[in-house]
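Remarks on the overall topology
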Amino acid sequence: MKYGIYYAYWEKQWGGDYVRYPAKVAELGFDILEISCAGMKDMTMGQVGDLYSAAVDSGIMLSGNYGPKPDEDITSTDPKVVENAFEFWRVTLSALEWLHIPFVAGALYSYWPVDYSKKIDKEADWERSVLGMRRLAAMAREHGVTLGMEVLNRFEGYIMNTAEEAVAYVKDVGEPNVKVMLDTFHMNIEEDSMTDAIKTAGSYLGHIHAGEANRRPPRDGGRFDWREIGQALREIGYDGTIVMEPFVMPGGQVGSDIKVWRDLVADSSEAALDREAAASVKFLREALGGPAHYF
């Protein structure tokens, strides 16, 4: 398996200049840098080239993550919103291909975070989402991109809250480049058993986000039995990507959207965050184990 980390561990805003991160995460012991698709469509070819070169020079693979905005919702009943969503993806998918990013995950099937002041019609939204995802999958396939459907907790989304629902959705879409993505933070809220959820996802599992129940980096002595999780992954033959997605600092748009209202670590200096990330990925490799995977 390959192990990564989401850039926003160190940031308070979505998007930004990622060029400094490939060398950093490589030095800390990671294989992957996951970046946001926010603002990717506005990157110049020079910026794309600089980031790709930085990743290649550091031996780092890039992956993508995104929570679409309300005006990028493929389930919308407003045709203008739907077409705006596909225009966003038309440009963004080109950027993903230029960056040689093979996988992008998130609440791509809807928008994030959901506005629960609006009426929810899960059945109708599911049907529109499936139709939209078939169209998006065809677009993504032209750029060599696989799409990961992130299973969210009930407070952030409603289309799919469990691995069972995610598998049903992926089967409904019926496209080979649409996979299930599981996140231990969300699983901890919604699933009776993380290991059973992993086994339910089975061959449909395409990506994993790893983090503790309070969104700190995975660690020995934390809330989750990472070795048990690793055993479940080996049982289904998973040899894909595992990306840590810690959020430990309040402030900025990231802190507001993720609802981080206090420092989750005693020392949030960059040097301290680096040390914790390095220790975490070392632990995670040992705890989860498994064979290497290459795209």
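The sections below set out a description of the structure shown in this document. (Residues numbered from 1 in each chain as written. Predicted model: local features only at pLDDT ≥ 70, side-chain atom pairs only at ≥ 80, totals over all residues. Heavy atoms only, no water.)

Comments concerning empty space enclosed by the protein
For the coordinates displayed, the defined rule picks out 3 cavities of 30 Å³ or more. The volume enclosed by the largest cavity comes to roughly 60 Å³. Lining the largest cavity we find Leu182, Thr184, Met187, Ile198, Ile208, Trp226, Ile229, Leu233, Ile242 and Leu288. Elements with a minimum of two residues in the lining of the largest cavity: helix H6 (184-190) and helix H8 (226-235). Sort the elements by how many residues they give to the lining of the largest cavity and H8 lands first, with 3 residues. Roughly 40 Å³ of internal volume is contained in the second largest cavity. Contributing to the lining of the second largest cavity are Ala8, Tyr9, Glu11, Phe247, Val248, Met249 and Val254. Looking at side-chain class alone, the lining of the second largest cavity contains 6 nonpolar, no polar and 1 charged residues. (1 Å grid on protein atoms, 1.4 Å probe; cavity = no way out; pocket = protein on both sides within 12 Å on 5 of 7 lines; lining within 4 Å. Points joined across faces, edges and corners; volume = space filled by probe spheres on them. Helix = DSSP H or I, 4+ residues; strand = E, 2+ residues; numbered from the N terminus. Nonpolar A, V, L, I, M, F, W, Y, C, P; charged D, E, K, R; others polar.)

Quick word on unusual backbone geometry
When glycine is set aside, most residues are seen to have a negative phi, and most peptide bonds are trans. Put simply, Trp112 and Pro113 share a cis peptide bond, and its omega is -15°. Assignment of secondary structure puts Pro113 in the loop between strand E4 (103-106) and helix H4 (122-142). For His100, which is not glycine, the phi torsion reads 60° and is therefore positive. Its identity is not glycine, yet Lys259 carries a phi of approximately 70°, on the positive side. Looking at the element boundaries, Lys259 is found in the loop between helix H9 (252-258) and helix H10 (270-288).

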